[in-house]
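Architecture and fold: a report
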Amino acid sequence: MGALRTPREKWVEAGLRALAAGGVDAVRIEALAKALGVTKGGFYGYFADREALLTEMLDTWERESVDDVVDRVERECDDPREKVRLAGRLTFSSDRLLPIDLAVREWARRDPAVAERLRRVDNRRMQLARDAIGTFCDDPEEVEARALLAFCAAIGNHFLAADHPGRTRAPVIARAADIVLDLPHGTTGG
């Protein structure tokens, strides 16, 4: 993303910030205009209505959380296991993408169209995990189970409130990733 944004991009960005902070109900044109320091009327020069903004916000989230992540993983990693790790870090540890992702998940519980979009995004993410895991595991049932475990750990980590006696969460998650990726103990990448 370039440093200079068009006004349209600023509305989308403000909408994504509001979504991440307060859910879809927080995405209100008047509040966004105030946050941007512009008049509410300026919004309608770029969007027909709030629904058009919400659609563009989802388009941006999908592009950044799938297309951009996949592009970066392909550029930066040759090792399939590292591809899975990097994709997970970029998506579920990102200060930008994680709060938006969690807000979209909440929104999808109430909106069937958003739920369908989330399903499409999650299916693409699962396929990335399947493809990587399939390079070292040839049992289709095990590939699917490992991909599911990887995905559930990445998302569930942000909802689980349990303690890990004598340790912090990060090494436990790292070890779980090693197990899913069929790596011996002590080889964790972080």
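Here's a quick rundown of the structure. A quick note: this is a predicted structure, and the numbers were derived from the prediction, not measured.

**Quick notes on the pattern of salt bridges**
Pairing between side chains becomes possible if they bear opposite charge and their charged atoms approach one another. Counted by the stated rule, this structure contains 24 salt bridges. Bridged by salt links that share partners, the residues Asp59, Glu62, Asp67, Arg117, Arg120 and Arg124 form one connected network.

**As for the state of the cysteines**
A full pass over the atoms with the stated rule returns zero disulfides. This cysteine, Cys137, is not joined by any disulfide, and Cys152 carries the nearest cysteine sulfur, 17 Å off.

**Describing the side chain of Thr60**
Take Thr60: it is sitting in helix H3 (residues 50-76). The buried category is assigned to Thr60, whose relative accessible area is 9%. Those residues in contact with Thr60 that sit more than four places away from it in its chain are Val12, Leu16 and Arg96.

**Overview of helix H5 (residues 97-108)**
Between its terminal C-alpha atoms H5 stretches 16 Å, which fits the 16 Å expected from twelve residues at 1.5 Å a residue. The buried fraction of H5 amounts to nine of the twelve residues, a majority that puts the element mostly inside the structure. Of all the residues in H5, the buried ones are Leu97, Leu98, Ile100, Asp101, Ala103, Val104, Arg105, Trp107 and Ala108. In this fold, the buried residues of H5 make contact with helix H1 (7-22), H3, helix H4 (80-92), helix H6 (112-133) and helix H7 (140-156).

**Re the nonpolar core**
Taken as a class, soluble globular proteins show a tendency for nonpolar side chains to be buried jointly. Counting residues in hydrophobic clusters, the biggest one holds 27 residues, and the most contacted among them are Leu19, Val27, Leu53, Met57 and Val104. Among the elements of the structure, H1, helix H2 (29-36), H3, H5 and H6 are those that each provide at least two residues to this core. Residues in contact with Met57, not counting those within four places in the same chain, are Val12, Gly15, Leu16, Leu19 and Val27. Counting residues in each nonpolar core, the second largest holds 14 residues, with Leu98, Ile133, Cys137 and Ala147 among its members.

**Regarding the packing of H6 against H7**
It is at 9 Å that the axes of H6 and H7 come closest, and there the two elements cross at 125°. Here H7 runs oblique to H6, going by the angle between their axes. Crossing of H6 over H7 shows right-handed handedness. For the pair H6 and H7, contact is made by Asp122, Arg125, Met126, Ala129, Arg130 and Ile133 and by Val143, Glu144, Arg146, Ala147, Leu148 and Phe151, respectively. Taken together, the residues of the contact of H6 with H7 sort by class into seven nonpolar, no polar and five charged.

The rules we used
- Residues numbered from 1 in each chain as written.
- Predicted model: local features only at pLDDT ≥ 70, side-chain atom pairs only at ≥ 80, totals over all residues.
- Heavy atoms only, no water.
- Salt bridge = Lys/Arg side-chain N within 4 Å of Asp/Glu carboxyl O.
- Disulfide = S-S within 2.5 Å.
- Helix = DSSP H or I, 4+ residues; strand = E, 2+ residues; numbered from the N terminus.
- Buried < 20%, exposed > 50% of the residue type's maximum accessible area, 1.4 Å probe, protein only.
- Contact = heavy atoms within 4.5 Å.
- Expected span 1.5 Å × (residues − 1).
- Core = buried A, V, L, I, M, F, W, Y, C linked by side-chain atoms within 4.5 Å.
- Axes fitted to C-alpha atoms, helices over the stretch in contact; angles between N-to-C directions.
- Parallel < 35°, antiparallel > 145°, perpendicular 65-115°, else oblique.
- Left-handed = near helix turned anticlockwise from the far one by under 90°.
- Nonpolar A, V, L, I, M, F, W, Y, C, P; charged D, E, K, R; others polar.

All we've got here are geometric facts, nothing functional implied.
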